[in-house]
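# Results of the structural survey
For reference, the chains in residue letters:
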Amino acid sequence: MTESRCCGAFYLIPHTHWEGAVFQTREAYLEMGLPNILRALALLKADPDYRFTLDQVCYVKPFLERYPQEAPAFRRFVNEGRLAIVGGTDTMLDVNMPGGESWVRQVLYGKGYFRRELGVDVTVGWQLDTFGHHAQMPQLLRLSGLRSFWFFRGVPNWDTPGEFLWEGIDGTRIPAFWLPEGYAVSYGSPKTLPEFSAFMQTRYDALGRYSPGPLRAGPGGADVCAPEEHLPGLVREHNARSQDGLQLRLATPLDFEAAVKLG
């Protein structure tokens, strides 16, 4: 039996990556994207095992303004830890060459909004789709109260491990979680067993080169994508039939960070 099929756990992290105004106008993206938060809330209401992750004030703020009737449930799921708020900035800004003023303003506004409106102090750095990362980001992240950094682009080579301690120019270190297979690695899964199980096993195995341990992170969300309604039920079915094999866990980034205890 291979390592990946023995006592392994794949932490599925449902999320949606918000594209503010890349190929369409801001309003067009909001019309397309805000219903995805409604779908996520419906899944959270229907299934206690479900988890979801959101980033960027510029996505959350207009949702709460346009759907005030959903605000109590939204806040309740945040307080329960089932709806994770990550990033801590207004937008997913370019940090390849960060201006000190722009970074400070982003964090002050982003973390301030989430603390004031949702009562949550964001600690997960979440830069999934920026095109590079300045070598002094560990210090900037730490000074901003962020305790981890999740990202997709910008590693020096393909021998980079999936989880490591990133050391900045000044010696500051922060746990870093690189996503070598992208931030949609577990997204687009089949809606029937055993195809669903085979898909997840393949995705888990693909990460073995970068995360050789039994615990691996599988973010499941593409750009302005809808939550997958079949996920909670099929996760339970898979686990019931695969008691000695790969286990799937619906999770948030903090769940995975607590499990791997990096740094």
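Preceding this paragraph is the structure being described.
What you see is a predicted model; the values in this text were computed from it and never measured. (Residues numbered from 1 in each chain as written. Predicted model: local features only at pLDDT ≥ 70, side-chain atom pairs only at ≥ 80, totals over all residues. Heavy atoms only, no water.)

### Some thoughts on the packing of aromatic side chains
One pass over the full model with this rule turns up 18 aromatic pairs. Judged by centre distance (4.2 Å) and plane angle (5°), the rings of Trp 18 and Tyr 59 are stacked. Taken together, the positions of Trp 18 in the loop between β1 (9-14) and α1 (26-46) and Tyr 59 in helix α2 (residues 57-66) put the pair 41 residues apart, joining distant regions of the chain. Centre to centre, the rings of Trp 158 and Trp 178 are 5.7 Å apart; their planes meet at 50°, and the pair counts as tilted. Placement of Trp 158 in the loop between β5 (148-151) and β6 (163-167) and of Trp 178 in strand β7 (residues 173-178) is noted, with a sequence separation of 20 residues between them. We classify Trp 178 as buried; its relative accessible area is 4%. Among the aromatic residues, those joined into a ring-pair cluster are Tyr 11, Trp 126, Trp 150, Phe 177 and Phe 256. The residue whose ring lies beneath Arg 216 is Tyr 204, and the NZ or CZ to ring-centre distance is 4.1 Å. (Phe/Tyr/Trp six-rings, centres within 6.5 Å; stacked < 30°, edge-to-face > 60°. Helix = DSSP H or I, 4+ residues; strand = E, 2+ residues; numbered from the N terminus. Buried < 20%, exposed > 50% of the residue type's maximum accessible area, 1.4 Å probe, protein only. Lys NZ or Arg CZ within 6 Å of the ring centre and 35° of its normal.)

### Observations regarding the sheet that holds β7
What the four strands build is an open sheet, ordered β4-β5-β7-β6; its pairing is mixed. Looking at the sheet topology across the chains shown, the edges are occupied by β4 (124-127) and β6. Taken over all neighbouring pairs, the strand axes of this sheet differ in orientation by 30° on average, direction set aside. (Pairing = 2+ DSSP bridges. Axes fitted to C-alpha atoms, helices over the stretch in contact; angles between N-to-C directions.)

### Some words on the pattern of salt bridges
For the coordinates displayed, the defined rule picks out 16 salt bridges. The partner of Arg 236 in a salt bridge is Asp 47, and the shortest N-O contact between them spans 2.7 Å. With Arg 236 in helix α7 (residues 231-241) and Asp 47 in the loop between α1 and β2 (52-55), this pair connects stretches of sequence that are 189 residues apart. Assessed through its relative accessible area of 10%, Asp 47 is described here as buried. Between Glu 80 and Arg 82 there is a salt bridge whose closest N-O contact spans 3.5 Å. You can call Arg 82 buried: its relative accessible area is 9%. Here the residues in one salt-bridge network are Asp 47, Asp 49 and Arg 236, joined through shared partners. (Salt bridge = Lys/Arg side-chain N within 4 Å of Asp/Glu carboxyl O.)

### A word on the side chain of His 133
Inspection of the secondary structure puts His 133 in the loop between β4 and α5 (137-143). From its side chain, His 133 meets the backbone oxygen of Arg 153 in a polar contact 2.9 Å long. Excluding residues within four positions of it along the chain, His 133 makes contact with Val 95, Asn 96, Gln 127, Phe 149, Phe 151, Arg 153 and Trp 166. (Polar contact = N/O pair within 3.5 Å; in protein donor to acceptor, adjacent residues only side chain to side chain. Contact = heavy atoms within 4.5 Å.)

### A few points about the layout of surface pockets
Quantified by volume, the largest pocket comes out at close to 340 Å³. For the lining of the largest pocket, the class distribution of residues is seven nonpolar, five polar and four charged. One number sums up the size of the second largest pocket: a volume of about 210 Å³. As for the second largest pocket, its lining consists of 17 residues, and the residues nearest its centre are Leu 83, Ala 84, Ile 85, Val 120 and Leu 254. Contributions of two or more residues to the lining of the second largest pocket are made by α3 (71-80), β3 (83-86) and α8 (253-260). Among the elements that take part in the lining of the second largest pocket, β3 stands out by supplying four residues, more than any other. For the lining of the second largest pocket, the per-class residue count stands at 10 nonpolar, five polar and two charged. (1 Å grid on protein atoms, 1.4 Å probe; cavity = no way out; pocket = protein on both sides within 12 Å on 5 of 7 lines; lining within 4 Å. Points joined across faces, edges and corners; volume = space filled by probe spheres on them. Nonpolar A, V, L, I, M, F, W, Y, C, P; charged D, E, K, R; others polar.)

### Quick notes on the pairing of β1
Taken across its six residues, β1 has six buried, putting it largely inside the fold. Residues Ala 9, Tyr 11 and Ile 13 line one face of β1 and the alternating positions Phe 10, Leu 12 and Pro 14 line the opposite face, and both faces are buried. Both β1 and strand β8 (residues 215-220) contribute to a ladder of six bridges, which runs parallel. In the sheet register, Leu 12 faces β8, and the bridge partner there is Gly 218.

### Things to note about the nonpolar core
Counting residues in each nonpolar core, the largest one holds 59 residues, and the members touching the most others are Leu 54, Phe 74, Leu 83, Ile 85 and Phe 114. Here this core takes eight residues from α1, the largest share from any one element. Excluding its chain neighbours within four sequence positions, the residues that come into contact with Leu 83 are Leu 41, Leu 44, Phe 52, Leu 54, Phe 74, Phe 77 and Val 78. Tyr 11, Trp 126, Trp 150 and Leu 179 belong to the second-largest nonpolar core, a separate cluster that totals 15 residues. (Core = buried A, V, L, I, M, F, W, Y, C linked by side-chain atoms within 4.5 Å.)

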